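Close look at the chain arrangement
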Amino acid sequence: MKKKSMLLICALGMSLGFAGCGDSKSDNTGSAPAVTTEAQTEAPKGTTGNWGNYEEIFIPDGMKLTGGSQIDKEDPNSVWVQPENSMNYFLFGVSTEEQCQKDVESTKTFNKDSNPQDVTVKTGDYDWKGVAYKYNGTSDVAQLYAKIGDKVVMVRIGGYAYDSDTSKAILGSIKLKK
């Protein structure tokens, strides 16, 4: 239960963090990079990596894999895939279907002014479902979950459309340790 609570706090923290910087204009003079939305037409190139309970995960060129959560840097159930010097990200966590459903509903409620939509995307053997919206009308955000083996994996996506080539490549690549 403690890990579930930590994961929810992390997800809400990311939402609030995103909200705090969404109104800023990008003039490339500040130290914080702008949040952007991906526009891509071909499958990304990259490599694979692993962390904790993630036996394999695709890491597109120009991105890095960082293990752990914001709260626990050693958490084997949490992993980030994100570009260097960017606020865009994929944050994965192992959870339960019930908790993921609650998190999706909470995300819809918290972001109701951004017109959140129920979404699904199939990537390889996985059916991801959840919610997606445009933060401030411009930046793609999604919270999805899928059953992978006997576990449920949640992902919070910032700055990438849930159905983009990069998202599909990363989401479809996940293999968990048994």
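Rules behind the numbers
Sequence positions are assigned chain by chain, starting from 1 and proceeding in written order. Where totals are concerned, whole chains, interfaces and linings use all residues; where local detail is concerned, this predicted model gives features only for residues with pLDDT of at least 70, and gives and counts side-chain atom pairs only at 80 or more. Remark: hydrogens and water are excluded; side-chain values derive from all non-hydrogen atoms of the structure. Strands are runs of DSSP state E lasting at least two residues, helices are runs of H or I lasting at least four, and both sets are numbered from the N terminus onward. For each residue, the accessible area found with a 1.4 Å probe, counting protein chains only, is set against the maximum for its type, and the residue is called buried under 20%, exposed over 50%, and partly exposed in between. What sets the accessible areas is the Shrake-Rupley method with a 1.4 Å probe; for residues, cover comes only from the shown protein chains. The arc under discussion is defined with respect to the helix axis, by the directions toward the C-beta atoms. Only buried residues count toward a nonpolar core, which is a set of Ala, Val, Leu, Ile, Met, Phe, Trp, Tyr and Cys residues joined through side-chain atoms within 4.5 Å. Contacts: residue pairs with any heavy atoms within 4.5 Å of one another.

This paragraph deals with the overall build of the protein. Across its full length, the protein carries three helices and 10 strands. Counted from the first residue to the last, the protein has its helices and strands arranged as α-β-β-β-β-β-α-β-β-β-β-α-β. When burial is assessed residue by residue, the protein has 44% of its 178 residues classed as buried. In the structure as shown, the protein presents an accessible area of about 9,300 Å², 49% of it carried by carbon and sulfur atoms.

Our next topic: helix H3 (residues 165-173). Since one α-helical turn is 3.6 residues long, residues separated by three or four positions face the same way. Among the residues of H3, Thr166, Ser167, Ile170, Leu171 and Ser173 are the ones counted as buried. Looking straight down H3, one finds its buried side chains confined to an arc of 165°; they lie on one side.

Despite not being glycine, Asn85 has its phi angle at roughly 55°, a positive value. Tracing the sequence through the fold places Asn85 in the loop between strand S4 (78-83) and strand S5 (89-95). By relative accessible area, Asn85 is classed as exposed at 69%. The phi dihedral of Asn136 is positive, around 60°, even though this residue is not glycine.

This next bit is on the nonpolar core. Of all hydrophobic cores here, the largest spans 26 residues; its most connected members are Phe90, Phe92, Trp128, Leu144, Val155, Ile170 and Ile174. Broken down by secondary-structure element, the contributors of at least two residues to this core are strand S2 (54-60), S4, S5, strand S6 (117-123), strand S7 (126-135), strand S8 (139-148), strand S9 (151-158) and H3. Among residues more than four places away in sequence, those in contact with Phe92 are Tyr54, Ile57, Asn77, Ser78, Val79, Trp128, Val153, Met154, Val155, Ile170, Leu171 and Ile174. Within the second largest apolar cluster, six residues are counted, among which are Cys100, Val104, Tyr145 and Met154.

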